[in-house]
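Close look at the chain arrangement
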Amino acid sequence: MFLQLINVYSLRTWLLCCTALLLLTGCGQITPELTDAIATPVTRLATPIPHEVQTAGVDTNLLAAEDVSIACDHPEGVTLRCEADGAQQQISVEVDASSFARWALRLPAGGLPLTGSEVLGLDLYVEGELDLNLYFVEEDGRRIYQRLPRGDLQANGQTLYFPLREIYDETGTLVDADSLRELQIVFEWADMAGSLILDGVHFYTIWEDNVAVPFSPEELSVPDGFVIEPIAADLLTITQIQVISAGNLLASTQQGRVWWYRDLDGDGIYESRILYASGFAEAVGLLYDPVDGAVWIGGHGRLWRTLDTTGDGIADLRELRFEGLPWGRHQNNGLAWNPVDDPFTGEPAYSWIYFGLGSVDDLEAGGEFSASILRFPRDGTRLDDLEMVAEGVRNAYGLIWAPIPHGDGVDWALFAGENGPDFHYAPDEVNHIRWGHHYGFPDQFGNADPEAEGDPYSSPVYEVVPHASANSLAYIDNPDWPEDYRTLYVSLFGSVFSPEPVGQTVDRIQLFPVDTFDGVTYRGEPSLFVDGLSRPLPLATDVNGDLLIGDYATGIIYRVRYVGESS
């Protein structure tokens, strides 16, 4: 179910093809002559538009730099006026779908000292109805297209950001920052008239935002004595949360971005963020390393280790530790360290990264490691370093090592949330992962024969209603929470392929030990804990031991804490 994720490159190609088809059928004919004209280098104005004297560079406003040139051009029959007010560019245009108009900014000879990690920022707003297309033009003439959003640029406008690591052509080839020579805004492919105001063009070293956190909607419900409150926002398609320390957390999105959120004033609200890393096909695995501060990022059959070596909040080191795991309908998902001496094999804490690798199809495992729980050593560098932990797990999205109370101590147990089939009526599962066990996929779903537990298949802790999409897990051992609530929690993303709505909740699972022929496992008693969410996906705990929930559809992170029955 979740995650049947969209390949970003395929989506971009599909949009381009659809746009081209619409042009040919409904918006006017694009002729070969016009295509050649748009791709032709811009003719410079005889008299450059004046701007304030400054040298072009990273983090400077290029509209105010003396060593850039700005020009406008268009075929006959198009109205285009380009003016400057100091460093501000004022562009008025009237054009039909069969023609074009173009504004261009030419970088200094030799380009800028870009590393490829910068973020292009355009400060602009629009009057009228304009469709804007942005092109990155390289020294050899290659032009990479980015469509600017419509409808959000009126009145006061905004800053649009384009991380260079996300700028690809239709073949999936990344923009070459060293050879970038020109930026173009082209008015094309539609009848339009209006004005564009450009106040700034920057290549930022750091993309830093202030984030407004909304009030908690009244329709969210939690048990008596608990409160739920939003603490971070602007994270549409959030996939994972990692709490680093008090006031610092990481969050990843399906689009392949990882954000570093900060609570600057200690009020528990994360009002500031920095783009830590971007340009991954998708980021569905996220793991902070408390040993050396690295951040591991997984998805699409790859695992990356990243590190901020300069302390500016940006990942400047990227190591691809492995690639080539099979992915299709599902992929490699959430990551988890062994938090103590490994309960399976005894190595020190933070020696192994555990994760699930989903099946490539609905009822087909796929490759050698598909539909399984795997682990990878922290110093591993290739696929051969992987070890199989358990198999028959269709799509384990979230994993967690949980400290289950036992006498005066704890027993560490590994749990995984598992998505059941999309087009067959079979349950989702929450499983207690034991070394070498098989959890049934694709032959067995739900509870196995209790008289033959583990031979050959093991039963789930919680047999979840079909199509609920059991995903992330969290374990609460916060002593401030009532004892019955110190247990395991699972996010149910909700139905995607079911005609009946199910899920869209966070469930509590009270655990009970069960003896089997080869050791203790667990069964769970589920109950509703949080209701009213749109698409709950990642779960985590903060430094106080309270529950964090990320909503994929709204981009909000919520905190659930216990305040007492009398509140």
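**Observations concerning the state of the cysteines**
Tallied over the entire structure, the rule returns one disulfide. Each sulfur in the disulfide pair cysteine 72 and cysteine 82 lies 1.7 Å from the other. Since a negative S-S torsion denotes a left-handed disulfide, the cysteine 72-cysteine 82 link at about -110° is left-handed. Within this pair, whereas cysteine 72 is found in strand 1 (residues 69-73), its partner cysteine 82 is found in strand 2 (residues 79-85), the two being separated by 10 residues in sequence.

**Focus on the packing of aromatic side chains**
Per the stated rule, a full pass over the model turns up 26 aromatic pairs. Ring centres of phenylalanine 493 and tyrosine 552 lie 5.4 Å apart, and the angle between their planes is 75°; this geometry places the pair in the edge-to-face category. Taken together, the positions of phenylalanine 493 in the loop between strand 30 (488-492) and strand 31 (505-516) and tyrosine 552 in the loop between strand 34 (547-551) and strand 35 (557-562) put the pair 59 residues apart, joining distant regions of the chain. As far as burial versus exposure is concerned, phenylalanine 493 and tyrosine 552 are alike and both buried. Positioned above the aromatic ring of tryptophan 259 is the side chain of arginine 273, whose terminal nitrogen or guanidinium carbon lies 3.6 Å from the ring centre. We note arginine 375 situated over the ring of tryptophan 352; from NZ or CZ to the ring centre the distance is 3.7 Å.

**Comments concerning unusual backbone geometry**
Trans is the common state for peptide bonds, and a negative phi is the common state for residues other than glycine. For the bond running from phenylalanine 441 to proline 442, omega is 5°, close enough to zero to count as cis. Within the secondary structure, proline 442 sits in the loop between strand 27 (428-433) and strand 28 (462-464). A cis amide bond links aspartate 455 to the next residue, proline 456, at an omega of 5°. Position of proline 456 relative to the elements: it lies in the loop between strand 27 and strand 28. With a phi close to 65°, tyrosine 350 is a non-glycine residue in the positive phi region. With respect to the secondary-structure elements, tyrosine 350 resides in the loop between strand 21 (332-337) and strand 22 (352-357). Even without glycine at this site, serine 469 takes up a positive phi of about 65°. Following the sequence through the fold, serine 469 ends up in the loop between strand 28 and strand 29 (470-475).

**Comments concerning the side chain of serine 370**
Of note, serine 370 is situated in the loop between strand 22 and strand 23 (372-377). Here alanine 365 takes part through its backbone oxygen, which lies 3.4 Å from a polar atom of the side chain of serine 370. A polar contact is formed between the side chain of serine 370 and the backbone nitrogen of glycine 367, at a distance of 3.0 Å. Dropping the residues within four chain positions of it, serine 370 is found in contact with Pro326, Leu357, Gly358, Ser359, Val360 and Ala365.

**A few points about the pairing of strand 27**
Of all six residues making up strand 27, six are buried, and the element is well covered by its neighbours. Of the two faces of strand 27, the one lined by Asp428, Val430 and His432 and the one lined by Glu429, Asn431 and Ile433 are each fully buried. As judged from the five bridges shared by strand 26 (residues 409-418) and strand 27, these two strands associate in the antiparallel manner. Paired with leucine 414 across the bridge in strand 27 is isoleucine 433. Sheet analysis places strand 27 next to strand 28, joined by three bridges and oriented antiparallel. What sits directly across from aspartate 428, in strand 28, is valine 464.

**Some remarks on the sheet that holds strand 17 (residues 285-288)**
Think of a sheet as strands paired side by side through backbone hydrogen bonds, with each pair either parallel or antiparallel. Within the open sheet, the four strands sit side by side as 17-18-19-20. Their pairing is antiparallel. The open sheet is flanked by strand 17 and strand 20 (317-322), the only strands paired with a single partner. Taken pair by pair, the neighbouring strands of this sheet meet at an average axis angle of 20°, ignoring direction. With five bridges joining them, strand 18 (residues 295-299) and strand 19 (residues 302-307) adopt antiparallel strand pairing. Within the sheet, the bridge partner assigned to glycine 298 lies in strand 19 and is leucine 303.

**Looking at the pattern of salt bridges**
Applying the stated rule across the entire model yields 28 salt bridges. Here the residues in one salt-bridge network are Asp289, Asp292, Arg305, Glu319, Arg321 and Arg378, joined through shared partners.

**Structural notes on the confidence of the model for the chain**
In the predicted model, the chain carries a mean pLDDT of 89, and the fraction of residues at 70 or more is 89%. Low pLDDT, under 50, characterises residues 42-52; the stretch is placed with 32 contacts to residues that sit more than four places away or in other chains.

**Section: the environment of valine 201**
With respect to the secondary-structure elements, valine 201 resides in strand 10 (residues 192-204). Taking the C-alpha atoms as reference points, valine 201 and asparagine 61, separated by 140 residues in sequence, lie 5.4 Å from one another. Dropping the residues within four chain positions of it, valine 201 is found in contact with Thr60, Asn61, Leu62, Leu63, Trp103, Leu120, Gly121, Leu122 and Leu183.

**Topic: the sheet that holds strand 2**
Pairing in this open sheet of five strands is antiparallel, and the strands run 2-3-10-5-8 from one edge to the other. Two strands close off the open sheet at either side, each with one partner strand: strand 2 and strand 8 (158-163). Shown here is a sheet whose adjacent strand axes are inclined to one another by a mean of 25°, direction ignored. The sheet contact formed by strand 5 (residues 119-129) and strand 10 spans 11 bridges and is antiparallel. Looking at the pairing, tyrosine 125 lines up with isoleucine 197 of strand 10.

**As for the environment of valine 186**
Topologically, valine 186 is positioned in strand 9 (residues 180-188). When the C-alpha atoms of valine 186 and phenylalanine 100 are compared, they prove to be 6.9 Å apart, with 86 residues separating the residues in sequence. Other than its neighbours up to four places away in sequence, valine 186 contacts Phe100, Ala101, Arg102, Asp131, Leu132, Asn133, Tyr135 and Arg143.

The rules we used
Residues numbered from 1 in each chain as written. Predicted model: local features only at pLDDT ≥ 70, side-chain atom pairs only at ≥ 80, totals over all residues. Heavy atoms only, no water. Disulfide = S-S within 2.5 Å. Helix = DSSP H or I, 4+ residues; strand = E, 2+ residues; numbered from the N terminus. Phe/Tyr/Trp six-rings, centres within 6.5 Å; stacked < 30°, edge-to-face > 60°. Buried < 20%, exposed > 50% of the residue type's maximum accessible area, 1.4 Å probe, protein only. Lys NZ or Arg CZ within 6 Å of the ring centre and 35° of its normal. Polar contact = N/O pair within 3.5 Å; in protein donor to acceptor, adjacent residues only side chain to side chain. Contact = heavy atoms within 4.5 Å. Pairing = 2+ DSSP bridges. Axes fitted to C-alpha atoms, helices over the stretch in contact; angles between N-to-C directions. Salt bridge = Lys/Arg side-chain N within 4 Å of Asp/Glu carboxyl O. pLDDT = per-residue confidence, 0-100.

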